[in-house]
Amino acid sequence: MTIRESMNVSRRRLFHCLALAAGSQAGAGAETAVSLDVLRTVSSFHGTNLSDDRLRVLKPVLENRSAALQALRDFDLDDSVAPAEGIVV
Amino acid sequence: MAASELVFRPAAELAPLLKARKISPVELVRACLDRIDAVNPRVNAFITVTGDQAVREARRAEHEIGAGRYRGPLHGVPYAVKDLVATKGIRTTNGSRTTSNWIPDYESTVSARLNEAGAILVGKLNLLEFAMGSGRHGLAGPTRNPWDLSYSPSGSSSGSGAALAAHMVPLAVGSDSGGSIRNPAKSCGVVGLKPTYGRVSRFGVTTLSWSLDHVGPMARTVADAARMLQAMAGADPRDPASAAARVPEYSKALTGNIHGLRMGVPTEHFFEHVHPETEAALRQALSKLRDLGAALVDVKVRNAALCGAVSSAILNTEAAVFHEKRLKEQADLFSPLVRERLEAATFTTAIDYIKAKRMRTVLMEEMRRVFQTCDVLMLPSGNAAPKLEDEIGDTDAPADPPAPPRPDTYNIANLTGIPAIVLPCGFSAGPPALPLGIQFCAKPFDEAVLFRVGHAYQSATDWHRRRPPLEG
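If you're wondering where the values come from, they're calculated on a predicted model, not measured in any experiment.

J.: Sorry, what's going on with the overall build of chain A here?
T.: What chain A contains, in helices and strands, is four helices and zero strands. For chain A, the succession of helices and strands along the chain, N to C, is α-α-α-α. Residues classed as buried in chain A amount to 34% of the 89 residues present. Considering only intrachain contacts with a sequence separation of at least 6, the fraction spanning at least 24 residues in chain A is 61%. Summed over its atoms, the accessible surface of chain A is roughly 5300 Å², and 53% of this surface lies on carbon and sulfur atoms.

Laid out in structure tokens, this is it:
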């Protein structure tokens, strides 16, 4: 797939790929298996355009991190909690 | 005293001898350089040794002290810095092929302040590439643990820890974004302080993560670390993140008195994956501290289990941003592990990153609550050092068989900005017998209480006086 071809994706397919790559369908504690095709689409959308060789290297790393990342995503925060900028003394 | 014996003395013992002109800075610097010549080929702690410059500076210090212009307890004392600290006119590699020939035309604030205090730079220390690489592979090859050369000194301030343990220098500077001062301090049996966020200027120190980077002193004694921080700390207009908080007189904390001090001991999370002999050494250290007058208090740090994920989302993402141009133009020059980590971080979403920063707020409030119930929080400092061959190599991909999980005891201090110190508290049974460390944390800008506890403990123990079996 050329870069131009990969850019011609439908909105539905793009959002599906982003959601899969972000592991939003994973249960807490479970790794998310993700296809090379998804990673290729996301990398193209992000503008990094990583090669398939690089994506094959990254795939198991990203899958391995998905469970911990999902635990962070699942943590419920009150609306009043702002991002830390500096430290609280 | 024989010149060769000088290298085994801490700076606090050398300072009065230098001031009284019983030893010369030139003699001391040459003793360190001789020690480096003898030992560094095996340990590989130094990337660059600035021998000629160090001797010139030592002569200047000798002249100044002789003329009555004594600058203070670091005057004439040799030190070395992690090789991501910019030193004007001296090669600064970051441990990376991408910057292997970089010669800065400016001086970092931390080395400038140590130089102004009269300390004498003798060289640049080995590290994990950009403070995030492999302990097995790097520009200058791996540093080895002086306690057993087939073991890792841990990182990323690997050269700093090893140089101190091998008595090549009495003082060293490291950096810490997720344990990179404290882990090598533990593995090498020395003292390492990650100060409060912003306590020490990061101007001239190569960035790993703007939110989590700290620069700090490493030494063989708590007293020496305190004297180093005295010189290093303070606001810096060239580092917007540096703190304007007053710098106290840290030497006043070195009383040896911890009567009534409330020592928090965590009941959850931090002891997970801590080996039984490590836990036994920690409990023995706590017992000693109780004998010295500390009151032990059970403490629960809520949400600590999320520290790893929060740190990863922030640190790797910020590193990827810092290296964005380098990754586009010089990707092949990175080591495989660093390149992998940076590229993987490009998949982190902005929502994940900002969620992680919101979690930092939660954790900071949690630590504020914890320090209402105790003056100091004791934490483990990981297990004894691994063999070099068991350190992470070229990839974070799951190994087969899987690597044993490691305790997560360092990230909480980086994420919340609280100061944390590690000092030796025993040795593993072995063989080989490897150092074990204990960690103490305090509320922001209370490094003094860490020095008080650490100095009291070192006054009652001798772990820090042991020498690795390097002679002969």
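That covers the picture; the talk isn't over yet.
J.: What exactly am I supposed to notice about the overall build of chain B here?
T.: Along the backbone of chain B there are 15 helices and 11 strands. Relative to its length of 472 residues, chain B is compact, with a C-alpha radius of gyration of 21 Å against a globular reference of 23 Å. With the C-alpha coordinates aligned to their principal axes, the bounding extent of chain B is approximately 60 × 55 × 50 Å. Scored against the burial criterion, the 472 residues of chain B give a buried share of 64%. Accessible surface, chain B: about 16700 Å² in total, of which carbon and sulfur atoms supply 51%.

J.: Would you explain unusual backbone geometry in this entry?
T.: It is generally the case that most residues other than glycine have a negative phi and that most peptide bonds are trans. All names here are of chain B. Note that the residue after D400, namely P401, is joined by a cis bond; omega there is 0 degrees. Its location among the elements puts P401 in the loop between β9 (376-380) and α14 (411-416). Here the residue pair G430 and P431 is connected by a cis peptide bond, since its omega of -5 degrees sits within 30 degrees of zero. Along the polypeptide, P431 turns up in the loop between β10 (420-427) and β11 (435-441). The backbone phi angle of R21 is positive, close to 60 degrees, even though this residue is not glycine. Counting through the fold element by element, R21 comes out in the loop between α2 (11-19) and α3 (25-43). Despite not being glycine, S154 has its phi angle at roughly 70 degrees, a positive value. Overall, S154 belongs to the buried group, its relative accessible area being 5%.

J.: I keep staring at the pairing of strand β5 (residues 191-194) of chain B and nothing clicks. Help me out?
T.: Looking down a regular strand, the side chains alternate between one sheet face and the other. All names here are of chain B. Residues of β5 alternate between two faces, with V191 and L193 on one and G192 and K194 on the opposite face, all of them buried. One ladder, built from three bridges, connects β5 with β10; its direction is antiparallel. Bridging from a neighbouring strand, L193 pairs with I421 of β10.

J.: What am I meant to see in the interface of chain B and chain A here?
T.: When the parts come together, some accessible area is lost, and that loss is often what is quoted as the size of the interface. Every contact between the two is made by 36 residues of chain B and, on the other side, 34 residues of chain A. Regarding the contact of chain B and chain A, the summed buried area is about 3100 Å², with carbon and sulfur atoms giving 68% of it. Three residues stand out in chain B for area buried against chain A, namely F347, K355 and R358 of chain B, and they jointly supply 22% of the buried area on that side. Here chain B is connected to chain A by four salt bridges. For R73 of chain A, the salt bridge is made with D352 of chain B, and the minimal N-O distance between the two is 2.6 Å. The residue makeup of the side of chain B that touches chain A, split by class, is 16 nonpolar, eight polar and 12 charged.

J.: Mind showing me how you'd approach the packing of helix α4 (residues 52-74) of chain A against helix α10 (residues 307-322) of chain B here?
T.: Between two packed helices, the angle of one axis relative to the other and the distance separating the axes together describe the packing. Where α4 of chain A contacts α10 of chain B, the axes come no closer than 9 Å and their chain directions differ by 105 degrees. With respect to their mutual orientation, α4 of chain A and α10 of chain B come out roughly perpendicular. When α4 of chain A is examined against α10 of chain B, the residues R65, A68 and L72 of chain A are found in contact with a partner set consisting of A309, V310, A313 and N316 of chain B. Tallied by class, the residues present in the contact of α4 of chain A with α10 of chain B amount to five nonpolar, one polar and one charged.

J.: Help me understand the nonpolar core in this model?
T.: In globular proteins that are soluble, nonpolar side chains generally tend to be buried together. Residues and elements named next belong to chain B. Residues L114, M263, F440 and F451 are the most contacted members of the largest nonpolar core, which totals 111 residues. The residues touching L114, leaving out its near neighbours within four places in the chain, are L74, Y79, A119, V173, M228, A231 and M232. The next biggest cluster of nonpolar side chains, apart from the first, holds 34 residues, and it includes I36, A58, M168 and L470.

About the thresholds
- Residues numbered from 1 in each chain as written.
- Chains lettered and ligands numbered in written order.
- Predicted model: local features only at pLDDT ≥ 70, side-chain atom pairs only at ≥ 80, totals over all residues.
- Heavy atoms only, no water.
- Helix = DSSP H or I, 4+ residues; strand = E, 2+ residues; numbered from the N terminus.
- Buried < 20%, exposed > 50% of the residue type's maximum accessible area, 1.4 Å probe, protein only.
- Contact = heavy atoms within 4.5 Å.
- Areas by Shrake-Rupley, 256 points an atom, 1.4 Å probe, with all protein chains shown as cover.
- Rg over C-alpha atoms; globule rule 2.2 N^0.38 Å.
- Pairing = 2+ DSSP bridges.
- Buried area = accessible area lost by both parts, 1.4 Å probe.
- Salt bridge = Lys/Arg side-chain N within 4 Å of Asp/Glu carboxyl O.
- Nonpolar A, V, L, I, M, F, W, Y, C, P; charged D, E, K, R; others polar.
- Axes fitted to C-alpha atoms, helices over the stretch in contact; angles between N-to-C directions.
- Parallel < 35°, antiparallel > 145°, perpendicular 65-115°, else oblique.
- Core = buried A, V, L, I, M, F, W, Y, C linked by side-chain atoms within 4.5 Å.

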